[in-house]
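Summary of the model geometry
Take a look at the letters that make up each chain.
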Amino acid sequence: MAQLRLIKKYPNRRLYDTRTSSYITLSDVKELVVNQEEFQVVDAKTGEDLTRAILLQIILEEESGGAPMFTVDLLSQMIRFYGNAMQGMMGKYLENNIHAFTDLQSKLQEHAKSIYGENNPMSRDLWAQFLNFQGPALHSMMGAYIDQSKKMFSQMQEQVESQTRNLFSGFQFPNMTPPGAATDDKDKTPPKR
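Residues numbered from 1 in each chain as written. Predicted model: local features only at pLDDT ≥ 70, side-chain atom pairs only at ≥ 80, totals over all residues. Heavy atoms only, no water.

1. Structural notes on the overall build of the protein chain
To be explicit about the condition: Each helix is a run of H or I in the DSSP string that is no shorter than four residues. Each strand is a run of E no shorter than two, and both are numbered from the N terminus. Here, two residues are considered to be in contact whenever any of their heavy atoms come within 4.5 Å of each other. Each accessible area value is a Shrake-Rupley result obtained with a 1.4 Å probe; residue values ignore everything except the protein chains displayed when judging cover.
Assigned secondary structure in the protein chain consists of five helices and four strands. Reading the secondary structure of the protein chain in the N-to-C direction produces β-β-β-α-β-α-α-α-α. At a minimum sequence separation of 6, the contacts of the protein chain that also span at least 24 residues come to 45%. Here the protein chain has roughly 16,100 Å² of accessible surface; of this, 56% comes from carbon and sulfur atoms.

2. Describing the sheet that holds strand β3 (residues 22-24)
Condition: By this definition, two strands are paired if DSSP reports at least two bridges between them. A fitted line through C-alpha atoms serves as each axis, taken over the contacting stretch for helices, and the angle formed by two N-to-C directions is quoted from 0 to 180°.
Sheet architecture is open: four strands sit in the order β3-β2-β1-β4, paired in mixed fashion. Each edge of the sheet is formed by a strand with only one pairing partner; in this case those strands are β3 and β4 (39-43). On average, adjacent strands in this sheet sit at an angle of 35° to one another, irrespective of strand direction. Lying over the sheet, helix α2 (residues 51-64) contacts β1 (5-9), β2 (15-17) and β4, oriented at roughly 105° with respect to β4.

3. Structural notes on the pairing of β1
In this structure, β1 lies alongside β4, joined through five bridges in parallel fashion. Residue pairing for β4: K9 is matched across the bridge by D43. With three bridges connecting them, β1 and β2 associate as antiparallel partners. Looking across to β2, one finds that K9 is bridged to L15. Between β1 and the antiparallel strand that follows it, β2, lie five residues; R13 among them carries a positive phi value of about 75°.

4. What about a nonpolar patch on the surface?
Convention followed: Candidates for patches are residues over 30% relative accessible area with no salt bridge; among them, like charges are joined within 9 Å and nonpolar side chains (Val, Leu, Ile, Met, Phe, Trp, Tyr) within 5 Å. Each salt bridge in this description consists of a side-chain nitrogen of Lys or Arg and a carboxyl oxygen of Asp or Glu lying within 4 Å of one another.
Taken together, the side chains of M89, M156 and V160 make up a nonpolar region of the molecular surface, amounting to roughly 200 Å² of accessible area. Along the chain, the position of V160 falls in helix α5 (residues 121-168).

Written out as structure tokens, the structure reads:
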């Protein structure tokens, strides 16, 4: 098993690859990600792990380029989950969906290779044509999957809220009426000062 590739980030914002003993750029780090090489970026002075920050920086640069992947609505929704009780679940949910999508993509590529061969120069063109024709079907299939996942996630959230209400329903909280309890107009009068 290969040793984890260590990249040090210096105060001048330069990245130093300890394996090649040379300075590298964010593009080089992106290549490591694309090639599925395991690495860790650390602050050269403190040893603090900066891998997530570097990956987010790469995503930011990619999003600032010509064809962003994330819509404003998606980014807004993601931001709303920070600080929410469901934050941890949302991260796992997104991760699982990315894995499912990646698995689907790998299976389609393997199938294309089995039909057209590994090094067939036409296979790339055929793959592009296949995606052009099948793109709407794949988009529809993924849309249905996402809708189903969204419903499941909403049901899970409702179930957690219901269980929380049931858990705390036996406790008396001052100035609170239980859900569904009738309220008197007398109870609505403001307290005397």
